[in-house]
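Listed below are the residues making up each chain.
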Amino acid sequence: MGALPIRHVEKPWGKEVLPCPFAAPAGQRIGEIWFEPPEQLPDLLVKYIFTSEKLSVQVHPSDAQTLSKGIGRQGKEECWLIVAAEPGATLGIGFDCAMGDDAMRTAALDGSIEGLMTWHDVKPGDFFYIPANTVHAIGAGVSLIEVQQNSDITYRLFDYGRPRELHLEEGVAVSRGETYDLTAWHKTVPPRGTQVLVDGPLFLLDQVEGIPSEEISRRYPGPLLVIPREGVVQVAGETIAPGSCALAPALRDVAFAEDGVCLLARACAA
Ligand SMILES: O=P(O)(O)OC[C@H]1O[C@@H](O)[C@@H](O)[C@@H](O)[C@@H]1O
């Protein structure tokens, strides 16, 4: 119980200098900080992502697609809360115009896929849910918190010529050549206040200011992850500060500060 172990993941698009309270080990370009999923809540992975360059143009399969391929129980849906963004920072999500498989394959091969995607300007507090099969590429100059299904199945369609593996056929097979529906999947999250960010069907995510209401308590009847954003929380007596993520056996084991803000997350029953 308590603070989850942290894993630093090097990425070609990561950063050698991370924003406070994080620190990259000397000489390493860290792109992701993972909080190792605990046994009691194995289906969710929380990460901080820090970018100095664009990530690959990529797509993830759904639960049904991974199951039918025999490559696991979970596909990968994910969501992003932007915590910092340099001026002009963007995220590529979906396409400006509808596109078929052949056009997508050709565009991925010649790199024009980047220009066909819709690049959304971002600022702190922007929140995006990325359903499986949505083609996406996080841009340069952002720090974000990602909550995702605990699966590492990423199909890269295009990687700006970096010498990493691509997964063109698998990727095209599960990609939707569609516009991203901002009305359905984007929210604006003020730095304070209580707000439901994700309401299933795969997981729940809430921002909570102060002491959780009865309504929030009903959404979290069992083990949950607590991610402080502003101020510390105590989880079973352990102090958890911003930049950490803790497992709590239940909401009653968490002492929230009246003026604190944190994120709560749990997976939905399979
Ligand atoms: O394939 P690269 O560019 O390293 O990006 C991989 C990363 O992409 C992001 O969109 C998220 O899905 C992360 O969970 C993932 O680790």
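Residues numbered from 1 in each chain as written. Predicted model: local features only at pLDDT ≥ 70, side-chain atom pairs only at ≥ 80, totals over all residues. Heavy atoms only, no water.

Some details on the overall build of the protein chain
Thought 1: The helix and strand inventory of the protein chain stands at six helices and 21 strands.
Thought 2: A compact globule built from 270 residues should have a C-alpha radius of gyration of about 18 Å, and the protein chain, at 18 Å, falls within 12% of that.
Thought 3: Along the longest, intermediate and shortest principal axes, the C-alpha atoms of the protein chain span 55 × 40 × 30 Å.
Thought 4: Split into buried and exposed, the 270 residues of the protein chain put 53% on the buried side.
Thought 5: Summarising the internal contacts of the protein chain: among those between residues at least 6 apart in sequence, 71% fall at separations of at least 24. (Helix = DSSP H or I, 4+ residues; strand = E, 2+ residues; numbered from the N terminus. Rg over C-alpha atoms; globule rule 2.2 N^0.38 Å. Buried < 20%, exposed > 50% of the residue type's maximum accessible area, 1.4 Å probe, protein only. Contact = heavy atoms within 4.5 Å.)

Some points on the domain arrangement of the protein chain
Thought 1: Split into domains, the protein chain comes out as domain 1 (51-188) and domain 2 (195-267).
Thought 2: On a C-alpha basis, the centroid separation for the pair domain 1 and domain 2 is 27 Å.
Thought 3: Taken together, the twelve residues of domain 1 in the interface contact eleven residues of domain 2.
Thought 4: Regarding the contact of domain 1 and domain 2, the summed buried area is about 990 Å², with carbon and sulfur atoms giving 76% of it.
Thought 5: Counting across the interface, domain 1 meets domain 2 through zero salt bridges.
Thought 6: When contributions to the side of domain 1 that touches domain 2 are tallied by element, the ones reaching two or more residues are strand S6 (78-85), strand S9 (126-130), strand S11 (142-149) and strand S13 (186-188). (Domains from an automatic or database assignment. Buried area = accessible area lost by both parts, 1.4 Å probe. Salt bridge = Lys/Arg side-chain N within 4 Å of Asp/Glu carboxyl O.)

Digging into the sheet that holds strand S19 (residues 246-248)
Thought 1: Reading across from one edge, S1-S19-S16-S21-S15-S14 is the order of the six strands in this open sheet, with antiparallel pairing throughout. Two strands bound the open sheet, and with one partner strand each, they are strand S1 (2-3) and strand S14 (195-199).
Thought 2: As defined by bridge partners, S14 adjoins strand S15 (residues 203-209) across four bridges and the pair is classed as antiparallel. The residue bridging valine 198 from the neighbouring strand is leucine 205, located in S15. (Pairing = 2+ DSSP bridges.)

Things to note about the site of the ligand
Thought 1: Taken together, 18 residues lie near the ligand, and Glu32, Lys47, Glu146, Arg156 and Arg164 sit nearest.
Thought 2: Between the ligand and tryptophan 13 there is a distance of 3.1 Å, counted from an oxygen atom to a side-chain nitrogen or oxygen.
Thought 3: Separating an oxygen atom of the ligand from a side-chain N or O atom of glutamine 148 is a distance of 3.1 Å.
Thought 4: Considered on its own, the ligand offers 400 Å² of accessible surface; in the complex 98% of this is hidden by protein.
Thought 5: Of all elements in the fold, only strand S2 (6-15), strand S4 (44-50), S6, strand S10 (136-138) and S11 reach the threshold of two or more residues within the shell around the ligand. (Near = heavy atom within 4 Å. Polar contact = N/O pair within 3.5 Å; in protein donor to acceptor, adjacent residues only side chain to side chain. Areas by Shrake-Rupley, 256 points an atom, 1.4 Å probe, with all protein chains shown as cover.)

Section: the side chain of histidine 136
Thought 1: Its place among the elements puts histidine 136 in strand S10.
Thought 2: Within the structure, histidine 136 has its side chain in polar contact with the side chain of glutamate 78 (distance 3.0 Å).
Thought 3: Other than its neighbours up to four places away in sequence, histidine 136 contacts Ser56, Val57, Gln58, Val59, His60, Glu78, Trp80, Gly92, Ile93, Met117 and Ile130.

Side note on the state of the cysteines
Thought 1: One pass over the full model with this rule turns up zero disulfides.
Thought 2: No disulfide involves cysteine 20; its sulfur sits 18 Å from the nearest other cysteine sulfur, which is in cysteine 245.
Thought 3: Free cysteine cysteine 79: the closest other cysteine sulfur is in cysteine 268, separated by 12 Å. (Disulfide = S-S within 2.5 Å.)

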